[in-house]
Structure formats: structure tokens, C-alpha cells
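# Analysis of the macromolecular model
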Amino acid sequence: METLWYALVAALFIGFAVLDGFDIGLGSIYLLITKSEAERSQVRAAIGPIWGGNEVWLVAGAGTLFFAFPSAYATIFSKFYLGLFLLLWFLILRGLSIELRTQLENPLWHSFWDTVFNLASLALAGLWGIMLGNLLRGVALHTQGDPTIPLWTNFLPGTDPGLLDWYTVLVAGFAFLVFAVQGANFLAWKTGGALSQRAKQWAARGVWLLIPSLALVVGLTLWVRPGLLDNFTRQPARFVFPLAAVLALIGLVVFMRRGQTGRTFLASSVLIVLLSATAMNAMFPNFLVDSMGGSDLTIYNSMANARNLQLGLVWFGIGFVLLLGYVAFMYHSFWGKVSQGEGSEAY
């Protein structure tokens, strides 16, 4: 039962990484990839109707974690309080930048909120990677005094690391690359003309940076925490996820070279799913590993009452079907390319 709920929580957060990943990635290169007000209007029209709905997956993931693993929820939110607080503020700033930009017809006002949107999206991509890096590396679980992890200590992985060290910063940079490629592929598929061509070029550059970055991150992750390979050596069937990720990366390159923007975007989405699933398989059954050598936070010592979990499956099934229906309706309603000239409030 606890394994099933672990998979459900993972699925919701992976859904957020895929769906909100492309608008976060697109926002992080927003000012670099657009050359005119008309192109920026196209970008806003492309993500405007759906960015808010994409964040439902984050809310659903946090709520499911709270229901199924309340001890893990409490520990994670207390340990990562500073990082999650920053994440919340940048989510707010990104939303404000989209909604408030069109309230005044003033170039300075527009430039200000464009910059906020770009920087907030860039920060969100980095924070997502920092959080993942901390989960993979491990944190000091059993400490005296303030349970919150500091922003940094000596900037080195070790027994008492902070949120930031060279490893988590490296993972943050990798997350930015993944989301930027995802966002560029989405824009290439969603738009046409010069903006679509420029997005293809950005995506192609990003992929050729992504390939060596992936190899570097995987190698250094196994060096920082060799135990992440244990699940794969004990159960070789788990290797299907990293092997499938390699195939998705190959497909991404092939479709990109053929100019098939829809399939390229799909391949980059599948790549995020498989990379995330690989990380979840490597971490299982842990939520947090104690870097100080104490007892880890696992699905077994943090799960809720078994009877509640069984009953919760019924309500989760209903809620998940509604969530999928909402997402399907939302994307179907705004399917198709965004033409130049569509305003930011076209939705």
C-alpha cells in the first residue's frame, strides 16, 4: 500500500515537472528568445490560458503527500522551509507578472513585468533543481535547535550541508537546461514564423549542452551518494527507466533534426518523465536520507494509517479522474498554434 502511494505522489510531482516545466522553461529564456512586442505577446498567449492549471499538479502532489505520508510532509516542509518559501514567492511573482502586465499601456511598466516574469521563471527552474539535488544528496535530519536547513554552510556536500553547495547548484543548472529545452520545444510547436524558427535553434543548442550535462550530473550524483545505484543492482528491471530515457533523448535529437516540432516536444516531455522516474526509483523507499548517518525518512516510518490509505484510494481515484478531465478539457480548448497578433489576453 505504501509503495502504491509513493508512486502516486511521484506521479503528481512528475506531472507538475512536465506540464509546468515548459512554461517555467519558456519564461526563463523569455527575454532572450523574443525580439519584439508582438513575439512577447505570442509567448504570453501561448502559455496564458494554461499556466495556472499546470500548477494544480503541485497542489495535488503536496496534498497527497500530506494525506499519505504526514510525517514526511512535516519533515520536508520544516527542513526545506526557506527553499519552499522562496519557491512560493517566485510562483506568486510569476503569476503577478502575467496578470498585471496588461493593466497599463506603458513601455516601462511592460519592461518591468517582463523582467520579473523572466527572473521569477529562472529562479523557479533553479529552485526545482536545488530541491531535487538535496533529495538525492541527503540532508542532516537529526539536528539540535532550528530544524530548517540553512541556505549554505561550507558549500560542500557532507554531513551537515546547506540548501546550496556545488552539487545542488550543478543540479539546478541541469534543471534549467531541461526546462529551457522543454520550453523552447513547446514554443516551436505552438507558434510559427521567425519565432518558431528561433525557438528550434534555441532548443537545438540546449540539447547539445544537455547531453554532456546529463552524463556529468549522473556521474557526480553517484559519486556524492553511491547508494543510489543499489536499487538498480538489486532489481535490474529498474534499469528500464534510465535506458528508456536514453532512447527518449535519441528520439528528441532525431525528431528535432527532422523538424517535427510536435514529436520533439513530446519526446522532451517523455524525457522529463523518465529522468524523474529514474530518480524516484533510485531514492525508493526513502524520502530523505540522513547525511549524518542516522535513521532515514522512508515510506514505512512516515506513512499514515493503513485503513485511511485504503479508503483514500477511492477519493484519490475520483479526484485524479477529475484532474485529468480538467487538463484534457483545458488543453483541448486552446489547442493549435498561436498566430502573431494574438494579444496576451486572447484567452
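See above for the structure.
One structure accompanies this document, and this report is about it. (Residues numbered from 1 in each chain as written. Predicted model: local features only at pLDDT ≥ 70, side-chain atom pairs only at ≥ 80, totals over all residues. Heavy atoms only, no water.)

## Quick word on the overall build of the protein chain
Going by this rule: Strands are runs of DSSP state E lasting at least 2 residues, helices are runs of H or I lasting at least 4, and numbering of each runs from the N terminus. Each radius of gyration reported is based on C-alpha atoms, and the globular scaling rule is 2.2 Å times the count of residues to the power 0.38. When a residue's accessible area, from a 1.4 Å probe over protein chains only, is under 20% of the maximum for its type it is buried; when over 50% it is exposed; and in between it is partly exposed. Values of accessible area rely on a 1.4 Å probe in the Shrake-Rupley scheme; residue burial ignores everything except the protein chains shown. In this tally Asp and Glu are treated as negative and Lys and Arg as positive; neither His nor the chain ends contributes. To locate a charge, the coordinates of NZ of Lys, CZ of Arg, CG of Asp or CD of Glu are taken.
Looking only at helices and strands, the protein chain has 14 helices and 2 strands in total. On C-alpha atoms alone, the protein chain measures out to a radius of gyration of 20 Å, which is about the 20 Å that the 2.2 N^0.38 rule sets for 347 residues. Taking all 347 residues of the protein chain together, the buried fraction comes to 50%. A total of about 16000 Å² of accessible surface is found on the protein chain, and carbon and sulfur atoms cover 71% of it. Positive and negative side-chain charges in the protein chain, numbering 19 and 17 respectively, have mean positions lying 11 Å apart.

## Concerning the packing of helix H1 (residues 2-28) against helix H13 (residues 261-283)
Each pair of packed helices can be summarised by the angle the axes make with each other and by the distance between the axes. As a reminder, the rule being used: Lines fitted to C-alpha atoms define the axes here, with helix axes fitted over just the stretch in contact, and angles between the N-to-C directions of these axes take values from 0 to 180 degrees. Crossings are assigned a handedness: left-handed for a near helix turned anticlockwise from the far helix by less than a right angle, right-handed for a clockwise turn. Whether two residues are in contact is decided by their heavy atoms: any pair within 4.5 Å suffices. Throughout, the ten residues Ala, Val, Leu, Ile, Met, Phe, Trp, Tyr, Cys and Pro are labelled nonpolar, Asp, Glu, Lys and Arg are labelled charged, and all others, Gly among them, are labelled polar.
Where H1 contacts H13, the two axes come as close as 10 Å, and the packing angle between them is 145°. As for the relative orientation of H1 and H13, their crossing is right-handed in sense. Judged by residue contacts, Tyr6, Ala10, Ile14, Ala17, Val18 and Phe22 of H1 engage Phe265, Ser269, Ile272, Val273, Ser276, Ala277, Met280 and Met283 from H13. Split into classes, the residues belonging to the contact of H1 with H13 amount to 12 nonpolar, 2 polar and no charged.

## Some remarks on the pattern of salt bridges
In plain terms, the rule: Here, a salt bridge means any side-chain nitrogen of Lys or Arg that lies within 4 Å of a carboxyl oxygen of Asp or Glu.
Summed over all chains, the structure comprises 8 salt bridges. Its salt-bridge partner being Arg94, residue Glu55 comes within 2.4 Å of it at the nearest N-O pair. Of this pair, Glu55 sits in the loop between helix H4 (51-54) and helix H5 (56-68) while Arg94 sits in helix H7 (residues 81-100), and the two are 39 residues apart along the sequence. There is no split in this pair, since Glu55 and Arg94 are both buried. Here Arg101 makes a salt bridge to Asp114, at a shortest N to O gap of 2.6 Å. Placement of Arg101 in the loop between H7 and helix H8 (107-137) and of Asp114 in helix H8 is noted, with a sequence separation of 13 residues between them. Comparing Arg101 with Asp114 shows no difference in burial state: the two are buried. Each of Asp20, Asp23, Glu55 and Arg94 takes part in one network of salt bridges that share partners.

## Notes on the nonpolar core
Under the convention used in this document: Working definition of a nonpolar core: buried Ala, Val, Leu, Ile, Met, Phe, Trp, Tyr and Cys residues. They are joined through side-chain atoms within 4.5 Å.
In terms of nonpolar packing, the biggest core is built from 96 residues, with Phe69, Phe80, Phe186 and Phe287 touching the most fellow members. Setting aside anything within four residues of it in sequence, one finds Phe186 in contact with Phe22, Leu26, Ala46, Ile47, Ile50 and Phe265.

## Quick look at the packing of aromatic side chains
Stated formally: For Phe, Tyr and Trp, where Trp contributes only its six-membered ring, two rings pair if their centres lie within 6.5 Å, and the inter-plane angle classes them as stacked under 30 degrees, edge-to-face over 60, or tilted in between. Placement of a positive charge over a ring is assigned whenever Lys NZ or Arg CZ falls within 6 Å of the ring centre and within 35 degrees of the normal to the ring plane.
Under the criterion given, the structure shown has 24 aromatic pairs. Ring geometry for Tyr6 and Phe284: centres 5.3 Å apart, planes at 70°, overall edge-to-face. Here Phe284 lies in the loop between H13 and strand E1 (286-288) and Tyr6 lies in helix H1, a separation of 278 residues in the sequence. When sorted by exposure, Tyr6 lands in the same class as Phe284, which is buried. Summarising the aromatic geometry, the rings of Trp189 and Trp335 are spaced 5.1 Å apart at their centres and angled 70° between planes, so their arrangement reads as edge-to-face. Of this pair, Trp189 sits in helix H9 (residues 166-190) while Trp335 sits in the segment after helix H14 (306-333), placing them 146 residues apart in sequence. A connected cluster of aromatic rings, assembled from ring pairs, spans Trp5, Trp57, Phe67, Phe316 and Phe320. The side chain of Lys190 reaches across the aromatic face of Trp189, ending 5.9 Å from its centre. Sitting above the plane of the Trp202 ring, Arg205 keeps its charged end 5.9 Å from the centroid.

## Brief notes about a nonpolar patch on the surface
To keep things clear, this is the line we draw: Patches here are clusters of residues that have more than 30% relative accessible area and form no salt bridge, with a 9 Å joining cutoff for like charges and a 5 Å cutoff for nonpolar side chains (Val, Leu, Ile, Met, Phe, Trp, Tyr).
Together, Tyr81, Phe85, Leu88, Trp89, Ile92 and Leu96 make up an exposed nonpolar region whose accessible area comes to about 580 Å². Along the chain, Phe85 turns up in helix H7. Classification of Phe85 as partly exposed rests on a relative accessible area of 38%.

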